[in-house]
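Take a look at the letters that make up each chain.
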Amino acid sequence: MVFSSNIFLFAFLPVCLLGYYLTRLATPKLRNHFLFAASCFFYFWGSGQIALLFLAAVFVNHFLACRIVKASPRWAKRLFWSGVAYNLGWLLYFKYLNFFWDNLSGLLGMFGGQLPQVAAIALPVGISFYTFQSIAYLAEVYQRQHPPARSWLEYGTYLAFFPHVVAGPIVRYSDIDREIQSRRESVQLFFEGIWRFALGLGKKVIIANTLGSTADTLFGLPNSELSQSEAWLGALCYTFQIYFDFSGYSDMAIGLARMFGFHFPENFNQPYRSQSVTDFWRRWHITMSNWFRDFVYIPLGGNRRGSSRTYLNLWIVFFLCGLWHGAAWTFVAWGMWHGLLLVLERLGKERFGVAPKGLVGNACTFLLVLIGWVLFRADSVGQAFSFLGLMAGWGVSDAPAGFPVWYYLTPDVITCLALAFFFSWLPVERLREIKVPELAAVCSQSFASVLLLVYSAAVLSKAAFNPFIYFRF
């Protein structure tokens, strides 16, 4: 079950909200019981029996956290690393076993060897997200930064809470522990949640899906049917699809959380306005970037052991970041591309005092990020380089066999591209400085929310293309 589906919008969500607030009126202490049960139903709907693995993660991680705080330093360390191994073990099995096995089989095949075939392993929905959240929970408890949850129900409510369980943001227990124990819902917070959810749904359904359909079509064509302009159009459409899809889901999660009285951390901050790749990673998938910074980059030594070690640490972090996104060499190549860009940026600043800035920095950063998205989207590294070659004008046929670029630039695509450019570079901070009467702001926001919800639902009712690209992660 995904947020951008009619069964979620018109069945699960209304029933869940009604049940939650009836429970709150009758017995407020049972609010977390209801949320945990509803979230488990949501997860079981999409995962079936494999959801038992998720429930095991709830009990195992809470058990280990409670033992860590009572153990001696030596045993606390052993328990912590046992928990890390437990969580990463399942992630490696479900997400990467087929990938490693296929690559090893191919390597052995070059020398006449052979490995037996293994069945494809189904990927549990959201396993990358709840694995990272579980490791962060154990790390904060082990480092005495935060006490463990008071009960398995509190931890289970945190980990299973359906707004973030399948698509992020990567919420740490310390972010919402007080609200799990005691929170105050309000009409204002509820309507803020509706607005944020409607905004995210509109991003996903109206912009991301429209541009994603065009991107899929163009990336699926052979080179003989692609012109240089069509390759650029495909790359541009995917660049905006992935941003408005990812940020749309984050907005929906943040909005849903507010409807239940929770405040999730922000996850995207107009990343395409970045003036450097370093700035891009401060704005893109912020909770994931912070996770890798706190639990990989800093433990490796960060920038405290000299320039060479800093560059190596950046490469390691972004190799893992790419691999986290998916079990394919295209994701690894994307991660290494960004690692290379960050190393070059840091090298240029430290050795030559050169740092990108202004409009030139923004344009260069957007172009470099767009090139990275071609690596991310392609079905193989070979296709990615071939597609980039077409964008550069290499290997383009004088008369491509496919349709001209204008065939793909339908009114819907042109409108969504215009909206994508506008909202990606809209100076939001300046709009916030404009003082608007409170009543006018509430009325306009409410009207916009209803309009977005109605229009998005209408689009969903007739749309055949509604991918859940987070499923790959």
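Further up the page is the structure itself.
Each chain carries its own residue numbering, running from 1 in the direction its sequence is written. Selection of residues for local features in this predicted model requires a pLDDT of at least 70, selection of side-chain atom pairs for listing and counting requires 80 or more, and totals for whole chains, interfaces and linings are taken over all residues. Hydrogens and water are ignored here; the side-chain numbers use all heavy atoms of the structure.

A patch consists of residues exposed above 30% relative accessible area that lack any salt bridge, with like charges linked at up to 9 Å and nonpolar side chains (Val, Leu, Ile, Met, Phe, Trp, Tyr) linked at up to 5 Å. Here the Shrake-Rupley method, with its probe set to 1.4 Å, supplies the accessible areas, and only the displayed protein chains count as covering residues. Within this document, salt bridges are pairs made up of a side-chain nitrogen of Lys or Arg and a carboxyl oxygen of Asp or Glu, the two lying within 4 Å of each other. Taken together, the side chains of Leu104, Leu107, Leu108, Met110 and Phe111 make up a nonpolar region of the molecular surface, amounting to roughly 550 Å² of accessible area. Strands are runs of DSSP state E lasting at least two residues, helices are runs of H or I lasting at least four, and both sets are numbered from the N terminus onward. Structurally, the position occupied by Leu108 is in helix H4 (residues 73–109).

On inspection of all chains with the given rule, the structure shows 16 salt bridges. With its nearest N and O atoms 2.8 Å apart, the salt bridge here joins Asp294 to Arg293. What emerges from the salt-bridge pattern is a single network uniting Glu192, Arg196, Lys203, Asp251, Arg258 and Glu266.

Glancing now at unusual backbone geometry. Its identity as a non-glycine residue notwithstanding, Arg144 has a phi of 60°, on the positive side. Examined against the element boundaries, Arg144 turns out to sit in the loop between helix H5 (127–142) and helix H6 (152–160). Even without glycine at this site, His285 takes up a positive phi of about 40°. Relative to the elements of secondary structure, His285 occurs in the loop between helix H11 (277–283) and helix H12 (286–297). Relative accessibility under 20% of the residue-type maximum defines a buried residue, over 50% an exposed one, and the middle range a partly exposed one, all with a 1.4 Å probe and only protein chains included. Overall, the relative accessible area of 1% leaves His285 in the buried class.

Helix span is expected to be 1.5 Å times the residue number reduced by one. End to end, helix H16 (residues 381–392) covers 16 Å across twelve residues, agreeing with the expected 16 Å (1.5 Å per residue, within 8%). Here H16 has its buried residues at Ala384, Phe387, Leu388, Gly389, Leu390 and Met391. Buried residues in H16 make contact with helix H9 (187–219), helix H10 (228–259) and helix H15 (358–377). Positive backbone phi, approximately 95°, marks Gly393, located one or two places after H16. A contact between two residues is defined here by any heavy atoms of the two lying within 4.5 Å.

Attention now goes to the environment of Tyr173. Its location among the elements puts Tyr173 in helix H8 (residues 173–181). Taking C-alpha positions, Tyr173 is 9.8 Å from Glu154, a pair spaced 19 residues apart along the chain. Each residue touching Tyr173, except ones within four places of it in the same chain, is listed here: Tyr137, His146, Pro147, Ala149, Arg150, Glu154, Tyr158, Ile180 and Gln181.

With that settled, consider the packing of helix H1 (residues 6–26) against helix H2 (residues 31–47). Note on geometry: axes are lines fitted to C-alpha atoms, helical ones only across the stretch in contact, with angles between N-to-C directions running from 0 to 180 degrees. Axis separation between H1 and H2 bottoms out at 9 Å; the angle between their running directions is 160°. One finds that H1 runs roughly antiparallel with respect to H2. As H1 runs across H2, the sense of the crossing is right-handed. Each of Ile7, Phe8, Phe12, Val15, Cys16, Gly19, Tyr20, Thr23 and Arg24 in H1 lies in contact with H2, whose residues at this interface are Arg31, Phe34, Leu35, Ala38, Phe41, Phe42 and Trp45. Among the residues forming the contact of H1 with H2, the class breakdown is twelve nonpolar, two polar and two charged. Roughly parallel covers angles under 35 degrees, roughly antiparallel covers those over 145, roughly perpendicular covers 65 to 115, and oblique covers all other angles. We call a crossing left-handed when the near helix sits turned anticlockwise from the far one by less than a right angle, and right-handed when that turn is clockwise. Residue type decides the class: Asp, Glu, Lys and Arg count as charged, Ala, Val, Leu, Ile, Met, Phe, Trp, Tyr, Cys and Pro as nonpolar, and the leftover types, Gly among them, as polar.

Ring pairs shown here join Phe, Tyr and Trp side chains whose ring centres sit within 6.5 Å, with only the six-membered ring taken for Trp; geometry is labelled stacked below 30 degrees between planes, edge-to-face above 60, and tilted in between. Scanning all chains against the criterion turns up 73 aromatic pairs. Measuring from centroid to centroid gives 5.3 Å for Tyr272 and Phe366, while their planes differ by 85°, and the two rings are edge-to-face. Taken together, the positions of Tyr272 in the loop between H10 and H11 and Phe366 in helix H15 put the pair 94 residues apart, joining distant regions of the chain. Taking the relative accessible area as the measure of exposure, Tyr272 reaches 2% and is therefore buried. For Phe366, a relative accessible area of 14% translates into the label buried. Ring plane angle 90° and centroid distance 5.5 Å describe the contact between Phe280 and Trp281, whose orientation is recorded as edge-to-face. Judged on exposure class, the residue Phe280 and its partner Trp281 are both buried. A cation sits over an aromatic face here: Lys95 above Trp324, 5.5 Å from the ring centre. Here, over-ring charges are defined by two tests on the NZ atom of lysine or the CZ atom of arginine: distance to the ring centre within 6 Å, and angle to the ring normal within 35 degrees.

The next thing to look at is the side chain of Glu179. Turning to its location among the elements, Glu179 is positioned in helix H8. The buried charged residue Glu179 lacks any salt bridge partner; its closest oppositely charged side chain belongs to Arg183, at an N-O distance of 7.4 Å. For the purposes of these results, a polar contact is taken to be a pair of N or O atoms within 3.5 Å, where, inside protein, one atom must be able to donate a hydrogen and its partner to accept one; residues adjacent in sequence count only when each atom of the pair is a side-chain atom. Polar contacts involving the side chain of Glu179 include one to the side chain of His263, which spans 2.7 Å. The charge count treats Lys and Arg as positive and Asp and Glu as negative. His and the chain ends do not count.

This brings us to the nonpolar core. A general trend in soluble globular proteins is that nonpolar side chains are found buried together. Of all hydrophobic cores here, the largest spans 142 residues; its most connected members are Phe8, Phe162, Phe260, Tyr272, Trp281, Trp284 and Trp373. Broken down by element, the residue count for this core peaks at 18 residues, all from H10. Excluding residues that lie within four positions of it along the chain, Phe8 makes contacts with Met1, Val2, Phe3, Leu13, Pro14, Phe42, Phe162, Phe197 and Leu256. To qualify as a nonpolar core, a set must consist of buried Ala, Val, Leu, Ile, Met, Phe, Trp, Tyr and Cys residues joined through side-chain atoms within 4.5 Å.

As a further point, take the side chain of Ser456. With respect to the helices and strands, Ser456 occurs in helix H20 (residues 438–462). Leaving out residues up to four positions away in the same chain, Ser456 has contacts with Leu201, Gly202, Val205 and Ile206.

Cysteine sulfur pairs qualify as disulfides if the two atoms are within 2.5 Å. Summed over the entire model, instances satisfying the criterion amount to zero disulfides. In this model Cys40 remains outside any disulfide bridge; the closest cysteine sulfur is found in Cys16, 12 Å from its own. For the unlinked cysteine Cys66, the closest cysteine sulfur is that of Cys40, found at 18 Å.

Nothing here speaks to function; it is geometry throughout.
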